[in-house]
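Listed below are the residues making up each chain.
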Amino acid sequence: MQNMTNDNIMLKMQNIHKSFGSLEVLKGIDLSVAKGDVLAIIGPSGSGKSTMLRCINRLEEIDSGSIEIKGRMLVRETADGEAEYVDEAESRDVLSCTGMVFQQFNLFPHMTVLQNLLEAPVQVKKRSAAEVRPEAEELLRKVGLFDKRDCYPGRLSGGQQQRVAIARALAMNPDIMLFDEPTSALDPELTGEVLKTMRELAAEHMTMVVVTHEMAFAREAASHVMFMADGVIVEQGSPGEFFASPKQERTIAFLQNML
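Remember, predicted model here, so these are calculated numbers, not experimental data. Each residue is numbered by its place in its chain's sequence as written, counting from 1. Only residues with pLDDT of at least 70 get local features here, since the model is predicted, and only at 80 or more are side-chain atom pairs given and counted; chain-wide, interface and lining totals rely on the full set of residues. Excluded from the side-chain calculation are hydrogens and water; included are all heavy atoms of the structure.

S.K.: Could you clarify how one ought to interpret the overall build of the protein in this entry?
M.R.: Runs of H or I in DSSP of at least four residues are treated as helices and runs of E of at least two as strands, each being numbered from the N terminus. When helices and strands are counted, the protein shows nine helices and eleven strands. Radius of gyration: over C-alpha atoms. The globule rule applied is 2.2 Å multiplied by the number of residues raised to the 0.38 power. Relative to its length of 259 residues, the protein is compact, with a C-alpha radius of gyration of 18 Å against a globular reference of 18 Å. By principal-axis analysis of the C-alpha atoms, the protein measures approximately 50 × 45 × 35 Å. Relative accessibility under 20% of the residue-type maximum defines a buried residue, over 50% an exposed one, and the middle range a partly exposed one, all with a 1.4 Å probe and only protein chains included. The 259 residues of the protein split such that 51% are buried. Within the protein, residue pairs in contact and separated by at least 24 positions form 63% of the contacts whose partners lie at least 6 positions apart. Carbon and sulfur atoms provide 46% of the accessible area of the protein, an area that totals close to 12000 Å². Charge-centre separation for the protein: the mean point of 27 positive side chains lies 5 Å from the mean point of 37 negative side chains. Here a residue-residue contact requires only that any non-hydrogen atoms of the pair lie within 4.5 Å. All accessibility values rest on the Shrake-Rupley procedure with a 1.4 Å probe; residue burial counts only the protein chains present in the view. Charged residues are defined here as Lys and Arg on the positive side and Asp and Glu on the negative side; His and the ends of the chain fall outside this count. Charged side chains are reduced to one point each, which is NZ for Lys, CZ for Arg, CG for Asp and CD for Glu.

This is the structure:
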């Protein structure tokens, strides 16, 4: 990762703990992501990767620890070790700089592709549809789907739907993009077109946190790779050193199975 200063840290998580009932899923996670970084998070199923990602934008709430986004506190740890969130209005404001793409595309089926992109900027940011439309159309060009702007999601392939989902997240002008295994629901031949879109975002220095099982993407597009297992960060480093000379036995075993 690039040199971090307080000015360029986009995301900071400290001592994150999260349990579901008696099952502790995150066991003291620490990470920082600088502006323009692409962090790829890999690891076996059940290691806590997706839960950690969902904690960033409060789809899950942590039990203890602190999360800071672009220098603003979302949740802090109190003196007695509890997690204390800012109020709802401030929380929404802090999180407004994040965009998320899920495993399932979550598009509105009753809206056209273009309407899917217009919905949040108009409803959430109270911008006019006329103002947003040129930006939305440009995003559809960017993901190669301008010609599908008047189609309904049900008429698109899975890969096309996921590219629309990426464009929809970008329509809110986020500073940080979060991806939760964005290709896991896709057939292998459709995966490539989604990864191509993500690689282009990485090349444009979009700050990205990507939970993925696509090792080639982690190797080629990420600036930093993190391996999680059993709710902890086992190992992390630049793609070059991480894939060429992993140090932990658990990492080595995982990579041997994946590569």
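S.K.: Please explain the pattern of salt bridges as it appears in this structure.
M.R.: Close approach of charged atoms lets side chains of opposite charge pair. When a carboxyl oxygen of Asp or Glu lies within 4 Å of a side-chain nitrogen of Lys or Arg, that pair is called a salt bridge. The full count for this structure, using the stated rule, is 13 salt bridges. We note a salt bridge from Arg-58 to Glu-61, for which the minimum N-O separation is 2.7 Å. Look at Arg-58 and you get buried, because its relative accessible area is 19%. The exposure class of Glu-61 is partly exposed, given its relative accessible area of 37%. With a shortest N-O distance of 2.9 Å, Lys-70 and Asp-175 are connected by a salt bridge. Linking Lys-70 in the loop between β4 (64-69) and β5 (72-77) with Asp-175 in the loop between α5 (158-170) and β8 (176-180), this pair joins segments that are 105 residues apart in sequence. Sharing partners across several salt bridges, the network here consists of Arg-58, Glu-61 and Glu-88.

S.K.: Honestly, helix α3 (residues 113-123) in this entry has me stumped. Any pointers?
M.R.: Along an α-helix, a turn takes 3.6 residues, which lines up residues three or four apart on a common side. When α3 is considered as a whole, its buried residues turn out to be Val-113, Leu-114, Asn-116, Leu-117, Leu-118 and Pro-121. As for α3, its buried residues are in contact with α4 (129-142) and α5.

S.K.: Help me out: how do you make sense of the environment of Val-210 in this one?
M.R.: Relative to the helices and strands, Val-210 resides in strand β9 (residues 207-211). Considering only alpha carbons, one finds Val-210 and Leu-53, 157 residues apart in sequence, at a separation of 8.5 Å. Not counting residues within four places of it along the chain, the set of residues in contact with Val-210 comprises Leu-39, Ala-40, Ile-41, Phe-179, Met-198 and Phe-217.

S.K.: How should the nonpolar core be read in this particular structure?
M.R.: Soluble globular proteins: nonpolar side chains tend toward being buried together. The term nonpolar core refers to a set of buried residues drawn from Ala, Val, Leu, Ile, Met, Phe, Trp, Tyr and Cys, joined through side-chain atoms within 4.5 Å. Core analysis: the biggest nonpolar cluster contains 48 residues, and Ile-42, Ile-166, Met-177, Phe-179, Met-198 and Met-208 have the highest contact counts within it. Here Met-177 is in contact with Gly-99, Val-101, Ile-166, Ala-169, Leu-170, Met-206, Thr-207, Met-208 and Val-209, once residues within four sequence places are set aside. Grouped together as the second largest cluster of nonpolar side chains are 31 residues, Leu-11, Ile-56, Ile-69 and Leu-95 included.

S.K.: Quick question: what am I supposed to make of the sheet that holds β4 here?
M.R.: Strand pairs in the sheet, formed through backbone hydrogen bonds, run parallel or antiparallel to each other. Reading across from one edge, β2-β1-β4-β5-β6 is the order of the five strands in this open sheet, with antiparallel pairing throughout. One side of each edge strand has no neighbouring strand; the edge strands of this open sheet are β2 (23-34) and β6 (83-85). Between one strand and the next, the sheet's axes are offset by a mean angle of 15°, whatever the strand orientation. Any two strands with at least two DSSP-identified bridges between them are counted as paired. As paired strands, strand β1 (residues 9-20) and β4 are joined by five bridges and run antiparallel to one another. Across the sheet, residue Met-13 finds its bridge partner in β4, namely Ile-67. Across the face of the sheet, helix α1 (residues 49-56) comes into contact with β1, β2, β4 and β5 while running at roughly 120° to β1. Helix axes are fitted to C-alpha atoms over the stretch in contact, other axes to C-alpha atoms as well, and angles between N-to-C directions run from 0 to 180 degrees. Docked against the sheet, helix α2 (residues 88-95) engages β4 and β5, running at close to 125° with respect to β5.

S.K.: Looking at this model, I keep getting lost on the side chain of Thr-207. Mind explaining?
M.R.: Its place among the elements puts Thr-207 in strand β9. Contacts of Thr-207, omitting those with residues within four sequence positions, involve Met-10, Val-33, Ala-34, Lys-35, Gly-36, Asp-37, Asp-175, Ile-176 and Met-177.

S.K.: I tried to follow the environment of His-224 on my own but got confused; where do I start?
M.R.: Topologically, His-224 is positioned in strand β10 (residues 224-229). Relative accessible area serves as the criterion here: at 9%, His-224 is assigned to the buried category.

S.K.: So what exactly am I meant to see when it comes to unusual backbone geometry here?
M.R.: Only a minority of non-glycine residues have a phi that is not negative, and only a minority of peptide bonds are not trans. With a phi close to 70°, Arg-58 is a non-glycine residue in the positive phi region. In this fold, Arg-58 is placed in the loop between α1 and β4. Despite not being glycine, His-205 has its phi angle at roughly 65°, a positive value. Tracing the sequence through the fold places His-205 in the loop between α6 (188-203) and β9. Residue classification places His-205 among the exposed residues on the basis of a relative accessible area of 60%.

S.K.: Where do I start with the packing of α5 against α6 in this structure?
M.R.: Here α5 crosses α6 at 20°, and the two axes come no closer than 7 Å. Judged by the angle between their axes, α5 and α6 are roughly parallel. Helix-helix and strand crossings are classified by hand; for α5 and α6 the assignment is right-handed. Along its contact with α5, which presents Gly-158, Gly-159, Gln-160, Gln-162, Arg-163, Ile-166 and Leu-170, the element α6 presents Leu-190, Glu-193, Val-194, Thr-197, Met-198 and Leu-201. Under the scheme applied, nonpolar residues are Ala, Val, Leu, Ile, Met, Phe, Trp, Tyr, Cys and Pro; charged residues are Asp, Glu, Lys and Arg; polar residues are all the others, including Gly. Each residue belonging to the contact of α5 with α6 can be placed in one class, and the counts come to six nonpolar, five polar and two charged. An angle counts as roughly parallel when it lies under 35 degrees, as roughly antiparallel when it exceeds 145, as roughly perpendicular when it falls between 65 and 115, and as oblique in every other case. For any pair of crossing helices, the crossing counts as left-handed if the nearer helix is rotated counterclockwise from the farther one by less than a right angle, and right-handed if it is rotated clockwise.

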